[in-house]
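# Structural characterization, general
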Amino acid sequence: MRNLKLISVLVLVFVLVASLLPLATAAGSDDCIKPIIFVHGSAGSAQQFESQAMRFASNGWPVDLLFAFEYDSTFATQNLSAVILRLDTFVDSVREQTGADKVYLMGHSLGTSVSHTYLNDTARAAKIAKYVGIDGRTASALPGGVPTLAIWAQLGGTGSVNPPREIVGAWNVVLEGQYHVEVATSAAAFAYMYKFFTGVSPKTTDILPVPPGKVEIAGRAVFFPANVGVGDAIVEIWEVNPRTGHRVYDEPTATCTISGNWFYDGAWGPVQINGLKHYEIVLIREGFRPHHFYFQPFMRSNYFVRLQTSAPGGIGYYMNMSDNHSNLVISRQNEWRDSDVLEINGVNVLPALAPIRKNLIGLFVYDKDADGISNLTAPIPYYHAVTFMSGIDFFMPAADPPDGTISVVVTPRWGGGKRQVINLPNWASSEHAISVIVNDYVQEIDSWTKYVPRQAAGRK
């Protein structure tokens, strides 16, 4: 009997451990597994590929075959022709680095125009095995003759149903109830992408957690929206108390030195962290306010973290600053809508934007005119006029050094009532910039320890 109990325990342990390991190989034949290159859209970056990259990795796709091509979508630093030349060089470098003859190309929004222009050249199209166009350009034929999946958002920014669109000859998919950015980052979109590349459905559309000590993060510090490196700077990673957002220790978990101001500069990491803990990442540049970034726990390695900051005179500098109030930039790679709830210090600020009639992923929250008075009757016109952005006049008391906590609680429309909580210190806006990055997904379980029994029970 004791032997039987011992065997049962060993079997259970094996099942628990095996269920938490990444899938050994991606489904489908080996020749289906190729490098994937994502091309973002207007005001975009590798951020729109973060969740999908982790879903591919959760299904066994090698992380060293996942890439994002970034460019200045305003074309202020390079025109479209120069961007296409850079993309071609990037494709060639990925092929050389991985040994692949062809790659998969994915474009979102404006990135589909970049991709279609690239594919119009026969020699370049010959380097692409398959193409995924996400809610962007239509076409009367397959771009470059390359097999194509075209994913379309059913809903426009106003919430109205989009007119039918297609790429003739492609596999055209409309995702019901989804919006323009959402169709780039959603689990439903991933399922179609994976099946298109491999011929089979993914084992899971979740982002599977890994053992906490096995998590790595890496990324770039860039100017928004140009996607060029910020120059000489230091990136510090601090463990914080999840209840207060204040730092746990007197020294950072890791420090990285970065440099350069071009499209591949500003890179930091990888840094090993604990997937169950909360972190602040701070960008420090001489002569500028430290920029603090706050996230939900990283339950899986993420190599596309972006620390987006404003160049001098950029969009972030239009917020009023003072010693008495905090400024926040809150972003999520899935549109904010009326059915979401975004509470800051217990106040739902989204009604200020109701009805939300645009594709909105970035919110500038600050005390307009620095008068100590909130005005939640309407959005701030300057920021609301910016594509994908808006602004809210909301007073958050601050101090330097911080003497309190700002609570950000999101109840997303698709989460079944589940909440996403990020707490942070009330840094004074005169001396500090703050960004809060909210995940574009909510899963049934959000910690490695909770995931164990559900995986053992056979859940995906």
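The structure this text deals with has already been given above.
Small disclaimer: the values here were computed from a predicted structure and weren't measured.

Attention now goes to the nonpolar core. As a rule of thumb, nonpolar side chains are buried together in soluble globular proteins. Residues I36, F56, W61, M106, V132 and F197 are the most contacted members of the largest nonpolar core, which totals 32 residues. At six residues, the largest contribution of residues to this core is made by helix 7 (residues 187–198). When sequence neighbours within four positions are dropped, the list of residues in contact with I36 reads F49, F56, W61, L65, L66, F67, Y104, M106 and F197.

Interaxial distance between helix 3 (residues 80–98) and helix 4 (residues 110–119) falls to 10 Å at its minimum, and their mutual angle equals 75°. As far as their axial angle goes, helix 4 and helix 3 are roughly perpendicular. Across from L80, V83, I84, L87, D88 and V91 in helix 3, the residues of helix 4 making contact are V114, T117 and Y118.

This paragraph deals with the packing of aromatic side chains. In total, this model carries 24 aromatic pairs according to the counting rule given. An angle of 85° between the planes, with centres 4.9 Å apart, marks the rings of Y382 and Y383 as edge-to-face. Looking at Y383, the relative accessible area reads 0%, which means it is buried. Taken together, the aromatic side chains of F56, W61, Y104, F190, Y194, F196 and F197 make up a single cluster linked through ring pairs. Above the face of the W336 ring, R332 is positioned so that its terminal group lies 4.0 Å from the ring centre.

Take A370: it is sitting in the loop between strand 18 (362–366) and helix 8 (381–384). Each C-alpha atom of the pair A370 and Y441 lies 34 Å from the other, and the pair is 71 residues apart in sequence. Setting aside chain neighbours within four positions, we find A370 in contact with N320, S322 and H325.

On to empty space enclosed by the protein. Counted under the stated rule, the structure contains four cavities of 30 Å³ or more. Considering only enclosed or pocket space, the largest cavity measures out at about 470 Å³ in volume. Forming the walls of the largest cavity are 32 residues, and the residues nearest its centre are H291, Q308, T309, V329 and S435. Counting residues per element, the ones that place at least two in the lining of the largest cavity are strand 13 (291–294), strand 14 (302–309), strand 15 (328–331), strand 18 and strand 22 (433–437). Here the lining of the largest cavity takes five residues from strand 22, the largest share from any one element. Residues belonging to the lining of the largest cavity are distributed by class as follows: 16 nonpolar, twelve polar and four charged. Looking at the second largest cavity, its volume works out to about 250 Å³. Around the second largest cavity, the lining comprises 21 residues; the ones closest to its centre are E50, F295, N302, I437 and N439. Of the residues contributing to the lining of the second largest cavity, the split by class is nine nonpolar, seven polar and five charged.

A word on a nonpolar patch on the surface. Side chains of F288, Y317 and M321 sit close together on the surface and give an oily, nonpolar patch of about 240 Å² of accessible area. Along the chain, M321 turns up in the loop between strand 14 and strand 15. When its relative accessible area of 31% is taken as the criterion, M321 is described as partly exposed.

Moving on, we get to the pairing of strand 7 (residues 215–223). Among the nine residues in strand 7, eight count as buried, and that is most of the element. Bridge count between strand 7 and strand 11 (residues 267–273): five bridges; the pairing is antiparallel. Bridge assignment links V215 to a residue of strand 11, and that residue is I273. Relative to strand 14, strand 7 runs parallel, the two sharing six bridges. The residue of strand 14 that forms the bridge with V222 is Q308. Pairing analysis gives two bridges linking strand 7 to strand 8 (residues 228–229), with the strands arranged antiparallel. Its bridge partner lying in strand 8, V222 is registered against G229. Where strand 7 hands over to strand 8, the hairpin turn is made up of four residues, of which N227 adopts a positive phi near 65°.

Conventions used here
- Residues numbered from 1 in each chain as written.
- Predicted model: local features only at pLDDT ≥ 70, side-chain atom pairs only at ≥ 80, totals over all residues.
- Heavy atoms only, no water.
- Core = buried A, V, L, I, M, F, W, Y, C linked by side-chain atoms within 4.5 Å.
- Buried < 20%, exposed > 50% of the residue type's maximum accessible area, 1.4 Å probe, protein only.
- Helix = DSSP H or I, 4+ residues; strand = E, 2+ residues; numbered from the N terminus.
- Contact = heavy atoms within 4.5 Å.
- Axes fitted to C-alpha atoms, helices over the stretch in contact; angles between N-to-C directions.
- Parallel < 35°, antiparallel > 145°, perpendicular 65-115°, else oblique.
- Phe/Tyr/Trp six-rings, centres within 6.5 Å; stacked < 30°, edge-to-face > 60°.
- Lys NZ or Arg CZ within 6 Å of the ring centre and 35° of its normal.
- 1 Å grid on protein atoms, 1.4 Å probe; cavity = no way out; pocket = protein on both sides within 12 Å on 5 of 7 lines; lining within 4 Å.
- Points joined across faces, edges and corners; volume = space filled by probe spheres on them.
- Nonpolar A, V, L, I, M, F, W, Y, C, P; charged D, E, K, R; others polar.
- Patch = residues over 30% accessible without salt bridge, like charges linked within 9 Å, V, L, I, M, F, W, Y side chains within 5 Å.
- Areas by Shrake-Rupley, 256 points an atom, 1.4 Å probe, with all protein chains shown as cover.
- Salt bridge = Lys/Arg side-chain N within 4 Å of Asp/Glu carboxyl O.
- Pairing = 2+ DSSP bridges.

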